[in-house]
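So you can see what is in the structure, the chains are spelled out below.
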Amino acid sequence: MVEHQTAHLDGIFHALSDATRREMLHTLSQQERSVSELAAPFRMSLAAASKHIKVLERAGLVRRNVQGRTHMCRLSPEPLSAAQEWLRFYERFWNDRLDALDALLRAETAEPPPPVRKKGSPR
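Per-chain numbering applies: the sequence of each chain, read as written, is numbered from 1 onward. The predicted nature of this model means local features are confined to residues of pLDDT at least 70 and side-chain atom pairs, given and counted, to a pLDDT of 80 or more, with totals for whole chains, interfaces and linings taken over all residues. Side-chain metrics in this entry use all non-hydrogen atoms of the structure; hydrogen atoms and water are not considered.

### Here's the deal with helix α2 (residues 19–30)
Moving on, step 1. A helix here means a DSSP run of H or I that spans at least four residues, while a strand means a run of E at least two residues long, and both kinds are numbered starting from the N terminus. A helix is expected to span 1.5 Å for every residue after the first. The end-to-end C-alpha distance of α2, which contains 12 residues, comes to 17 Å, matching closely the 16 Å that a straight helix rising 1.5 Å per residue would cover.
Moving on, step 2. Burial classification: accessible surface area is computed with a 1.4 Å probe over protein chains only, and a residue below 20% of its type maximum counts as buried, one above 50% as exposed, and the rest as partly exposed. When we look at burial in α2, the residues that qualify are Thr20, Arg21, Met24, Leu25, Thr27 and Leu28. The arc that holds the buried residues of α2, viewed along the axis, is 160 degrees, so those residues lie on one side.
Moving on, step 3. Measuring from the side-chain oxygen of the N-cap residue of α2 to the backbone nitrogen of Thr20 gives 2.9 Å; that N-cap residue is Asp18. Note that the arc is defined by the directions from the helix axis to the C-beta atoms. Think of a polar contact as two N or O atoms within 3.5 Å of one another; within protein, one of them needs to be a possible hydrogen donor and the other a possible acceptor, and neighboring residues in sequence only count if both atoms come from side chains.

Here's what the structure looks like:
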C-alpha cells in the first residue's frame, strides 16, 4: 500500500514538475481541448505535446478520448487531492513551527527589560 502510494505521488509530482504540463492542466481546467489546441501556445510539435500529455495521463491527471482522428483531453483532478494531502502535512508542520516562533517572540517583547544600572551605583 505504501509503495503504491509513493509511486502514485511520484507520478503526480513528476507531472507537475514541468511548467508546460502545469500550463496544460490549467488550460484543461477551463474546458476539454484537443492535443493540437494544447500544443499551440508552446509552438511545439504534436508529438512533443503528446509526450507531455502521456506523462499527465500516467499520473491520472488527464483523460484522453479519441474522436475520429482528434484526440480530446480533459482534466481529471482527483489525483491532485493525494498531492494536496501530502503537502497539507508540511503546511501544518510549518504553521506549528511558525506559531511557536511567534509565541516566543511575543513572550520576549512582553518581558520587561532588565533594569539599567547607572555608573557608580552598587551592584
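There is more to say after this.
### As for a nonpolar patch on the surface
Moving on, step 1. In this analysis, a patch consists of residues with relative accessible area above 30% that form no salt bridge, clustered at 9 Å for like charges and at 5 Å for the nonpolar side chains Val, Leu, Ile, Met, Phe, Trp and Tyr. Each accessible area is a Shrake-Rupley estimate made with a 1.4 Å probe; only the visible protein chains count as cover when residues are assessed. A pairing counts as a salt bridge when a side-chain nitrogen of Lys or Arg comes within 4 Å of a carboxyl oxygen of Asp or Glu. On the surface, Trp86, Leu87, Phe89, Tyr90, Trp94, Leu98, Leu101, Leu104 and Leu105 cluster together into a nonpolar patch covering about 920 Å² of accessible area.
Moving on, step 2. Relative to the elements of secondary structure, Leu101 occurs in helix α5 (residues 80–110).

### Some thoughts on the packing of α2 against helix α4 (residues 46–58)
Moving on, step 1. Think of each axis as a best-fit line through the C-alpha atoms, taken over the contacting stretch in the case of a helix, with angles from 0 to 180 degrees between the N-to-C directions. The contact between α2 and α4 brings their axes to 10 Å, and the two run at 75 degrees. The pairing of α2 with α4 is recorded here as roughly perpendicular in orientation. When α2 is examined against α4, the residues Thr20, Arg21, Met24 and Leu25 are found in contact with a partner set consisting of Ala49, His52, Ile53, Val55 and Leu56.
Moving on, step 2. Just so you know the grouping, Ala, Val, Leu, Ile, Met, Phe, Trp, Tyr, Cys and Pro go in nonpolar, Asp, Glu, Lys and Arg go in charged, and all remaining residues, Gly too, go in polar. Per-class residue counts for the contact of α2 with α4 are six nonpolar, two polar and one charged. Should an angle fall under 35 degrees it is taken as roughly parallel, and over 145 as roughly antiparallel, whereas 65 to 115 is taken as roughly perpendicular and any remaining angle as oblique. Pairs of residues are marked as contacts when any of their non-hydrogen atoms sit within 4.5 Å.

### Structural notes on the confidence of the model for the protein
Moving on, step 1. The predictor attaches a confidence to each residue, called pLDDT, with possible values from 0 through 100. Here the protein averages 89 in pLDDT, and 92% of its residues register 70 or above.
Moving on, step 2. Looking over the protein, one finds the lowest element-wise mean pLDDT in helix α1 (residues 2–16), namely 85, and the highest in α2, namely 97.

### Thoughts on the pairing of strand β2 (residues 62–67)
Moving on, step 1. Strand pairing requires that DSSP identify at least two bridges connecting the strands. Sheet topology note: the β2/strand β3 (residues 70–75) ladder contains six bridges and is antiparallel. Within β3, the position partnered with Arg63 by the bridge is Arg74.

### Notes on the packing of aromatic side chains
Moving on, step 1. Stacked, tilted and edge-to-face pairs are distinguished by plane angle, under 30 degrees for stacked and over 60 for edge-to-face with tilted covering the rest, among Phe, Tyr and Trp rings (Trp via its six-membered ring) whose centres lie within 6.5 Å. Within this structure, the stated rule accounts for four aromatic pairs.
Moving on, step 2. Taking the centre distance of 5.4 Å and the plane angle of 65 degrees together, the rings of Phe13 and Trp86 count as edge-to-face. Of this pair, Phe13 sits in helix α1 while Trp86 sits in helix α5, placing them 73 residues apart in sequence.
Moving on, step 3. An angle of 50 degrees between the planes, with centres 4.9 Å apart, marks the rings of Trp86 and Tyr90 as tilted.

### Quick word on unusual backbone geometry
Moving on, step 1. At Arg43, a residue that is not glycine, the phi angle is positive and equals roughly 50 degrees.
Moving on, step 2. On the basis of relative accessibility, which here comes to 83%, the residue Arg43 falls in the exposed class.

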